[in-house]
Amino acid sequence: MQITCTLKCSPEPRCQLKELNSQISVNKCVISVRSRAEADAMPPAYDLGHSGEAYHPLDTGSAGGKDASAPNSTSAQIRHPMGMRTSWMRMFRRYKLPAVLLMFLLLVSCLAYRILSTEQDAPPLDLHRSSPLLDAYEDFSAMRAGDLKMRIEEMVRIKSTVSVELRELESRRQKLQSDISQYNQKIEELKQELLREQTELERLKISVEQAQVAQREAVQRNTPDLALPRSLLPNTLPRKMNSISGGMAASCEMHNCFNHSRCSLTSGFPVYLYDPDEHSVQRKGYDIDGFLKTTLKQTLGYNAHIVKDPKHACIYLVLVGEALLEQDLLRNNRYAAQEAEHQQPSTPSQANDCPVDLEKLYSLPYWGGDGRNHVLLNLARRDLTSHRTNPLYKQNTMRAIVVQSAFERDQFRAGYDLIVPPILGPPGGDVWQECAGMVPARRKYLLSYQGELRPKQSGLNPLDAFILEHLADMAKGATQDQFVLQFQCIPATEQQEGDSLPDWTLCGSDSSRRQLLKDSTFSLILPPLNGRVSSTLMLARIYEALRSGAVPVILGADELRLPYAETLDWRRSAILLPKARITELHFLLRAVQDVDLLLLRRQGRLIWERYLSSVQATVDTVIASLRDRLGIPPRPVPSVIAQSVFNSTFIPLKSDPPVGLDTEPEESLGPIEPPYPSPAFRRNYTILRMQAKEAWNDWLDPFYLYPQLPFDPALPSEAKFMGSHTGFRPIGKGLGGAGKEFGESLGGNYPREQFTIVMLTYEREQVLMDSLGRLYGLPYLHKVVVVWNSPKPPLDDLRWPDIGVPVAVLRAPRNSLNNRFLPFDVIETEAVLSVDDDAHLRHDEILFGFRVWREHRDRVVGFPGRYHAWDLGNPNGQWHYNSNYSCELSMVLTGAAFVHKYYLYLYTYHLPQAIRDKVDEYMNCEDIAMNFLVSHITRKPPVKVTSRWTFRCPGCPVSLSEDDTHFQERHKCINFFSRVFGYTPLLNTQYRADSILFKTRIPHDKQKCFKYI
């Protein structure tokens, strides 16, 4: 708004301002002072804003104003005397100055009103412009031009000074506002800290209460704290006893022919082996196969039960066969070929001699007169048809246990002697290359058999003749099924018949039989003749059928004895039929569904690989079977001895970890507890008594005693409150609840426990330190194990965060991703959280995963999910590794997953070496291998928790997973692992686990189990 004021100056010197036009701008108001000449040239007027009307200073009304505006016209119309005119002029001059002053005051009032109204609307930065207004509107008419100029300059200086002061005030105001905001932020931080301290106080109270409960449980406990016992071993040699007759030996059982006093429950089942080179029991002209002798000594040297001192032994092993004529042994020695040609052939009488010299047997240093606690090993390998496969028939072995493949019905002592298959495999190592794939379920031939009855003069009883006739008719019948049933070897197989026992001999070579069995869905096994309960040739057929994936169909199984029948459930790997069911055989084979067929094939391969495939497998199984009879726990599984990267005198530097980064202040996730290792070896005297079938047929590892198993049963719900309450921490002390009550206790179906974090790292110190720092205050954390995979030791000045639990930094044997799953002895909990050093998990996510794992202890429970996809574009059919978002997954990456420590042992000792070698070759795929292993053992898919799919680490160095070849290698890994296992054990799942009250509407006074899960 602009107000313009024009002043007329008198001819006095103080008003003689030539061409003076001074503008004073105060909040958009302008005062213009002009010269008298300019004032005469324009009508006197005041521009008063929006009125738009001219106002004369001497006007008293609208009419008066109009008359006064034209004095010349008035004097022309009305004549006045001269005196009156002079008086009017004097009055005009007299009131001129007051009129001007009146107008000035009116103008000042208008300007003041305008300024005040503008100050209320103006921004703070313009307030200083209105401060010197009153000083600006002084009586300028009483000043000379120089004084007015000086006054104006003074006002400008005042204005600049006031502006500086206002700027200073503004900066002070801004500083005060910044201080206020900082204080407000500090107040909020103190409030958060108060909430955090209150939560910590509540956790401490809960911890004190739980410690008191643990103390009361320790006082009231009336059961011993079981652990590995000290071995109680005998310290004397077996006493000399009287020998017994063959008739008494035929009635031997474990209760009357075995000395249990040398085999206490805590002895560990010590075994002593007579050196076959020093204590030979063969007749002159016979000797044991050199390969078998050497291999047996080597494999037994690896067995944990072997002892060197015979005083401590529970049983004594004596190798009595396979005994062959020395000239037969020389045939396989190319350096003695010419010498063997000049030797006389063996006569029938010499061939029929018993190769075992009983006098030498009885004179063994620890025989004790009657041979108790001795085990005679007669392991067939090269000669499967000779009577020498059963050299102890009609021989008085006294109280010794006989272990061999062939037994006559009147010879075998059930529950005492042991039937084993012939040793047809390598000494040990991986044997997966010899096996055929398990799929497809249906193969080219429904049933196959190749064999010929030898000697040819052997006759068949009517039932056996009818069986052969019916089988021939079934093969020629009008059916879509194809059969290969040959009862004569084509081409004929060369075989010595003078030394052979009546039996169905094998046709062709090993490779030709293997190819036929790979094309056969079922393989027919005919029983031996002459009433034998077992024969070496029959067991060789079972061995070859299981190796090639052809399900054995054992005819006359009710008359036979199968290998390790006390422990192995053959109904799960073979079809057992009496001879009377021969007419229903075809119908039964057609009725087997694909799922059952693959189960039979899978179980048969597991039994073959674990118990039959090699010399080492056979020897270990024989010892484990005898130990299982006595109810003695096996030796504990060996752990990997942890070696710290720091020497004994070095103390690493410590630093304070960041506090409260991953937890909400008002969310209590669990109590603070001292380290509590999982109880170990609690069931070492009962597990193989109560779950022996599972150990032999499902878990497939009865050779070692494990600290804990993921298959341990849970107690009934009442037991947690009635007599078996030790260690249990039910939610709300049994009343249940959510929020606070849930955070105070673990609940669940198992006693309280903690978990160990295993973190693999390689030359990423700062990333590792950040990850360790985020673990501070994590409830239920027992220990952190850092596997230092780099050959370079950590820096001396590296500061390790103090997170409240022990951090063990272990030196890896070499740079390998397999080190992630080494069963270190410092891992003292069942639950193991495998984490990458760059994985960022919140505390609530970790604890939720831990709680879910406690309900799925036998599975992989974790966060990032993946799946295997079928390659439709490949005509041969292959798998692809896929990480895209999907509603179905089959793997959980072990970069952030819980597993049971039991699987660390299996990965290191049971997983085929070829898979671990492939992991080292690609420096990749160890997580896929662990998923294969767990799904193979359990036949269950993994469990994914929360919505996590990937992990981002923006500031981390490039990881292995970002390599271009990463996915291509993982494609190859899945297909290679499938060939090793014989099938793809991965199973799909279509759900993930979230907290129970997640997305559930609850009252305002209640809390959820987890705030964000």
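Please read these numbers as outputs of a predicted model, since none were measured by experiment.

1. Observations concerning the overall build of the chain
So, step 1. When you go through the chain residue by residue, the secondary structure sums to 28 helices and 28 strands.
So, step 2. Here the chain holds 1013 residues, and 49% of them are scored as buried.
So, step 3. A fraction of 80% describes how many contacts in the chain between residues 6 or more apart in sequence connect residues 24 or more apart.
So, step 4. Only carbon and sulfur atoms are counted for the fraction: they give 53% of the accessible area of the chain, which is about 51,400 Å².

2. Quick notes on the nonpolar core
So, step 1. Of all hydrophobic cores here, the largest spans 84 residues; its most connected members are Phe269, Ile315, Leu377 and Leu612.
So, step 2. Among the elements that take part in this core, helix H19 (residues 615–630) stands out by supplying seven residues, more than any other.
So, step 3. By size, the runner-up hydrophobic cluster in this structure holds 61 residues, among which are Leu810, Leu904, Leu906 and Leu911.

3. A look at the pattern of salt bridges
So, step 1. Enumeration according to the criterion identifies 46 salt bridges in this entry.
So, step 2. In this structure, Arg629 and Glu566 form a salt bridge, with 2.7 Å as the shortest nitrogen-oxygen distance. Highlighted residues: Arg629 in helix H19 and Glu566 in the loop between strand E14 (551–555) and strand E15 (575–577), separated in sequence by 63 residues.
So, step 3. Among the residues examined, Glu566 registers a relative accessible area of 40% and is labelled partly exposed.
So, step 4. In this structure, Lys783 engages Glu828 in a salt bridge whose closest nitrogen and oxygen atoms are separated by 3.1 Å. Placement of Lys783 in strand E18 (residues 781–788) and of Glu828 in the loop between strand E20 (807–811) and strand E21 (831–836) is noted, with a sequence separation of 45 residues between them.

4. Some thoughts on the state of the cysteines
So, step 1. Going through the model one piece at a time under the given rule, you end up with four disulfides.
So, step 2. Each sulfur in the disulfide pair Cys252 and Cys257 lies 2.0 Å from the other. As the torsion about the S-S bond is roughly -75°, the Cys252-Cys257 disulfide counts as left-handed. Here Cys252 matches Cys257 in class, with each residue buried.
So, step 3. The side chain of Cys263 participates in a disulfide bridge whose partner is Cys314; the two sulfur atoms lie 1.6 Å from each other. Here the disulfide of Cys263 and Cys314 is right-handed, its torsion about the S-S bond being about 90°. Note that Cys263 is positioned in the loop between helix H8 (254–257) and strand E3 (271–273) and Cys314 in the loop between helix H9 (290–302) and strand E5 (315–321), a separation of 51 residues in sequence. By the burial criterion, Cys263 is buried, and Cys314 matches it.

5. Digging into the confidence of the model for the chain
So, step 1. Overall, the predicted model of the chain reaches an average pLDDT of 83, with 81% of residues at or above 70.
So, step 2. Confidence drops under pLDDT 50 across residues 1–82; counting only partners more than four residues distant or on other chains, this segment forms 95 contacts.
So, step 3. For residues 124–137, every residue scores under 50 in pLDDT, and the model assigns this stretch 23 contacts once sequence neighbours within four places are set aside.

6. So, the packing of aromatic side chains
So, step 1. Taken as a whole and assessed by the stated rule, the structure comprises 36 aromatic pairs.
So, step 2. Arranged with centres 5.7 Å apart and planes meeting at 45°, the rings of Tyr881 and Phe967 form a pair that is tilted. You can see Tyr881 sitting in strand E24 (residues 879–882) and its partner Phe967 sitting in helix H28 (residues 966–981), a full 86 residues away along the chain.
So, step 3. Here Phe967 falls in the partly exposed class, since its relative accessible area comes to 33%.
So, step 4. Following the ring pairs from residue to residue traces out a cluster consisting of Trp699, Tyr706, Phe711, Tyr902, Tyr903 and Tyr905.
So, step 5. The ring centre of Phe976 lies 4.6 Å from the NZ or CZ of Lys918, which sits over that ring.

7. Overview of the sheet that holds strand E27 (residues 943–945)
Sheets are built from strands paired through backbone hydrogen bonds, the pairs being either parallel or antiparallel.
So, step 1. A sheet is described by the order of its strands in space; here eight strands give the open sequence E20-E18-E17-E21-E26-E22-E27-E28, paired in mixed fashion. Unpaired on one side and paired on the other, E20 and strand E28 (992–993) mark the two borders of the sheet.
So, step 2. Pairing between strand E22 (residues 861–862) and E27: two bridges, direction parallel. If you follow Val861 over to E27, its bridge partner there is Val943.
So, step 3. Against the sheet, helix H24 (residues 843–855) engages strand E17 (755–761), E21, E22, strand E26 (896–900), E27 and E28, with an angle of about 30° to E26.

8. Observations regarding the environment of Leu319
So, step 1. Inspection of the secondary structure puts Leu319 in strand E5.
So, step 2. Separated by 40 residues in sequence, Leu319 and His279 place their C-alpha atoms 9.1 Å apart.
So, step 3. Beyond its immediate chain neighbours, meaning those up to four positions away, Leu319 contacts Pro276, Val281, Gln282, Ile288, Lys293, Leu296 and Leu377.

9. As for the pairing of E18
So, step 1. Counting buried positions along E18 gives eight out of eight residues, so the element sits mostly inside the fold.
So, step 2. Once the chain exits E17 it traverses helix H23 (residues 765–773) before rejoining the sheet at E18, and the crossover so formed is right-handed.

10. Regarding the sheet that holds E24
So, step 1. If you walk across this open sheet you meet the three strands as E24-E23-E25, and the pairing is antiparallel. Each edge of the open sheet carries a strand with a single partner, namely E24 and strand E25 (891–892).
So, step 2. For strand E23 (residues 865–870) and E25, the ladder comprises two bridges, and the chain directions are antiparallel. Within the sheet, the bridge partner assigned to Arg866 lies in E25 and is Met891.
So, step 3. Those strands touched by H28 are E23, E24 and E25, and its axis lies near 135° from that of E24.

11. Details of H19
So, step 1. Between its first and last C-alpha atoms H19 spans 23 Å; for 16 residues at 1.5 Å apiece the expected length is 22 Å, and the two agree.
So, step 2. Where burial is concerned, most of H19 is hidden: 14 out of the 16 residues are buried.
So, step 3. Following H19 by one or two positions, Gly631 has its phi on the positive side, about 70°.

12. Digging into a nonpolar patch on the surface
So, step 1. A cluster of nonpolar side chains, contributed by Leu201, Leu204 and Ile672, occupies part of the molecular surface with about 240 Å² of accessible area.
So, step 2. Structurally, the position occupied by Ile672 is in the loop between strand E16 (653–655) and helix H20 (687–690).

13. A word on the packing of helix H27 (residues 926–938) against H28
So, step 1. As a packed pair, H27 and H28 sit with axes 10 Å apart at the nearest point and diverge in direction by 30°. Between H27 and H28, the angle falls in the class roughly parallel. Between H27 and H28 lies a crossing whose hand is right-handed. Residues Asp927, Ile928, Ala929, Phe932, Leu933 and His936 of H27 lie in contact with H28, whose contacting residues are Arg970, Ile974, Phe977, Ser978 and Phe981.

14. Things to note about the environment of Leu933
So, step 1. Locating Leu933 in the fold gives a position in helix H27.
So, step 2. For Leu933, a relative accessible area of 1% corresponds to the buried category.
So, step 3. Distance from Leu933 to Pro985, taken between C-alpha atoms, is 8.0 Å for residues 52 residues apart in sequence.
So, step 4. Other than its neighbours up to four places away in sequence, Leu933 contacts Tyr903, Leu906, Tyr907, His910, Leu911 and Phe981.

15. Description of unusual backbone geometry
So, step 1. Residue Glu322 is bonded to the preceding Gly321 through a cis peptide linkage, with omega at 25°.
So, step 2. Inspection of the secondary structure puts Glu322 in the loop between E5 and strand E6 (323–325).
So, step 3. One non-glycine residue, Tyr780, adopts positive backbone phi at about 65°.
So, step 4. With respect to the helices and strands, the residue Tyr780 is situated in the loop between H23 and E18.
So, step 5. Relative accessible area serves as the criterion here: at 4%, Tyr780 is assigned to the buried category.

16. Concerning the packing of helix H15 (residues 510–518) against helix H16 (residues 536–548)
So, step 1. For the pair H15 and H16, the least separation of the axes is 9 Å and the interaxial angle reads 55°. Considering their axes alone, H15 and H16 lie oblique with respect to each other. For the pair H15 and H16, the sense of crossing is right-handed. When H15 is examined against H16, the residues Asp510, Arg513, Arg514, Leu517 and Lys518 are found in contact with a partner set consisting of Glu544, Ala545, Arg547 and Ser548.

17. Thoughts on the environment of Ala211
So, step 1. Structurally, Ala211 can be placed in helix H6 (residues 145–220).
So, step 2. Taking the relative accessible area as the measure of exposure, Ala211 reaches 46% and is therefore partly exposed.
So, step 3. Separated by 462 residues in the primary sequence, Ala211 and Glu673 place their C-alpha atoms 8.1 Å from one another.

Calculation criteria
Residues numbered from 1 in each chain as written. Predicted model: local features only at pLDDT ≥ 70, side-chain atom pairs only at ≥ 80, totals over all residues. Heavy atoms only, no water. Helix = DSSP H or I, 4+ residues; strand = E, 2+ residues; numbered from the N terminus. Buried < 20%, exposed > 50% of the residue type's maximum accessible area, 1.4 Å probe, protein only. Contact = heavy atoms within 4.5 Å. Areas by Shrake-Rupley, 256 points an atom, 1.4 Å probe, with all protein chains shown as cover. Core = buried A, V, L, I, M, F, W, Y, C linked by side-chain atoms within 4.5 Å. Salt bridge = Lys/Arg side-chain N within 4 Å of Asp/Glu carboxyl O. Disulfide = S-S within 2.5 Å. pLDDT = per-residue confidence, 0-100. Phe/Tyr/Trp six-rings, centres within 6.5 Å; stacked < 30°, edge-to-face > 60°. Lys NZ or Arg CZ within 6 Å of the ring centre and 35° of its normal. Pairing = 2+ DSSP bridges. Axes fitted to C-alpha atoms, helices over the stretch in contact; angles between N-to-C directions. Right-handed = clockwise from strand over helix to strand, strands pointing away. Expected span 1.5 Å × (residues − 1). Patch = residues over 30% accessible without salt bridge, like charges linked within 9 Å, V, L, I, M, F, W, Y side chains within 5 Å. Parallel < 35°, antiparallel > 145°, perpendicular 65-115°, else oblique. Left-handed = near helix turned anticlockwise from the far one by under 90°.

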